[in-house]
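Residues per chain are reported as follows:
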Amino acid sequence: MKEYNITVVITNNPKIIKLEANHFLVKGNYEYKNIDEAKNSPLAQQLFHLPFVKTVYISSNFVALERYDIVEWDDVKDEVAQQLVEYLNAGEPVVNEEDVKKKQPITVYAEVTPNPAVMKFVSNKKIVPSTYEFKNIDEAKESPLAMELFHLPFVKEVFMDENYVSVTKYDVADWEEINMQLREFIRDYLADGKDVVTAEAIQKSKETVEQKKVGTDYDDTSLQIIDILEEYVKPAVAGDGGNILFQSYEEESGTVSVILQGACSGCPSSTFTLKNGIETMLKNMMGEKIKEVVALNG
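A quick note: this is a predicted structure, and the numbers were derived from the prediction, not measured.

Asker: Explain the pattern of salt bridges to me, using residue names and the numbers behind them.
Answerer: Scanning the model with the defined rule gives 12 salt bridges in all. Here Lys15 ties to Asp69 by a salt bridge, and the two come within 3.4 Å at their closest N and O atoms. One end of the pair, Lys15, is in the loop between β1 (6-10) and β2 (16-21); the other, Asp69, is in the loop between β5 (62-67) and α2 (73-89), and 54 residues separate them in sequence. Between Lys135 and Glu157 there is a salt bridge, and its shortest N-O distance comes to 3.3 Å. Here the residue Lys135 occupies a position in the loop between β8 (132-134) and α4 (144-150), and Glu157 occupies one in strand β9 (residues 155-161), the gap between them amounting to 22 residues. The network of salt bridges with common partners includes Lys15, Arg67, Asp69 and Glu72.

Asker: Which residues make up the environment of Pro114, and what values do they have?
Answerer: When you line up the elements, Pro114 lands in the loop between β6 (108-112) and β7 (118-123). With 123 residues separating them along the chain, Pro114 and Val237 place their C-alpha atoms 9.9 Å apart.

Asker: Explain the side chain of Thr221 to me, and be specific about the residues and the numbers.
Answerer: By the element assignment, Thr221 lies in helix α7 (residues 220-239). Given a relative accessible area of 12%, Thr221 falls into the buried group.

Asker: How would you summarise the nonpolar core if you had to cite specific residues and measurements?
Answerer: Counting residues in hydrophobic clusters, the biggest one holds 36 residues, and the most contacted among them are Leu149, Val155, Val158, Met160, Val165 and Leu182. The element contributing the most residues to this core is helix α5 (residues 175-191), with 7 residues. Val165 has contacts with Met119, Lys120, Phe121, Ile127, Leu145, Leu149, Val158, Phe159, Met160 and Ile186, leaving out every residue within four places of it along the chain.

Asker: I'd love a proper account of the side chain of Lys18, names of residues and values included.
Answerer: Here Lys18 shows up in strand β2. Ignoring any residue separated from it by four or fewer positions in sequence, one finds Lys18 in contact with Thr7, Val8, Val9, Thr11, Phe62, Val63, Ala64 and Gln203.

Asker: Break down the sheet that holds strand β13 (residues 292-295) for me, with residues and values.
Answerer: Strand order in this open sheet of 3 strands is β11-β12-β13, and the pairing throughout is mixed. Two strands in the sheet have a free side with no partner beyond their single neighbour: β11 (242-250) and β13. Here the strands of the sheet are splayed against their neighbours by 30° on average, with no regard to which way each runs. The pairing of β11 with strand β12 (residues 255-262) spans 8 bridges and is antiparallel. If you follow Tyr249 over to β12, its bridge partner there is Val256.

Asker: I'd like a rundown of the environment of Val112, residues and numbers included.
Answerer: The residue Val112 is located in strand β6 in this model. Distance in space between the C-alpha atoms of Val112 and Ser166 is 9.8 Å, their sequence separation being 54 residues.

Asker: Would you mind going over the environment of Asn115 in detail, with residue names and values included?
Answerer: With respect to the helices, strands and loops of the structure, Asn115 is situated in the loop between β6 and β7. In this structure, the C-alpha to C-alpha distance between Asn115 and Gly262, residues 147 residues apart in sequence, is 9.5 Å.

Cut-offs and rules
Residues numbered from 1 in each chain as written. Predicted model: local features only at pLDDT ≥ 70, side-chain atom pairs only at ≥ 80, totals over all residues. Heavy atoms only, no water. Salt bridge = Lys/Arg side-chain N within 4 Å of Asp/Glu carboxyl O. Helix = DSSP H or I, 4+ residues; strand = E, 2+ residues; numbered from the N terminus. Buried < 20%, exposed > 50% of the residue type's maximum accessible area, 1.4 Å probe, protein only. Core = buried A, V, L, I, M, F, W, Y, C linked by side-chain atoms within 4.5 Å. Contact = heavy atoms within 4.5 Å. Pairing = 2+ DSSP bridges. Axes fitted to C-alpha atoms, helices over the stretch in contact; angles between N-to-C directions.

Written out as structure tokens, the structure is:
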């Protein structure tokens, strides 16, 4: 019987630690927000009996834990690591992966976007916690779904938001020929309960959000612009299968720089949307501070 050892690894997020094992734990990647979600993982259920455990991530060779603020990891990490060692060496199950693989009731429908090269495939369930953009297969290493989509010869780019996948195609294919194939492929993939993005990607996304909150020193005008984009613009572009990110504001020139993602990136109508939609809105709401809105990738 193999003997498990655990190494505690500090992450960039002070609320999350990784407990790396010296042996393989599971095939998939799993995230549990509470004990009810952890029905298929006896290990996660036991960890949730610790009052400071907020979220449990289980991947191939590690367990990551997010804590509540009632403790610091320095005070409890050694005890948690020891508890994990004892659990694994007792031969207890980590995740009952056969239970996870049962088909889930998923529906997916296709939706056109303003960009003729992009189709939006919408699920009836949430599939990712935040936005992810993959321009090619090399960028898609942290998304098993995107990796498989890039093996289809007509897939050029993949963008994901909470409950949909936007696929950008090459010109050689017509949507009439590939629409049904893509829709059924994505539906079957989700119904099989496979991971859309890895636990590492989810953790990185959370750490990035935390770092931005702490480390970005925006001026008051930039903060106003961000609030307007979040409240008025993002919901609209998300409906079209895309996303917009604030990049910078130059006070001297009055220029707002943004990054377009998904269906908005490379869309023939994106210039019109920028000038007659976003730029006009910001000028109306913020006056002379705004002279121009430009897309760094549009």
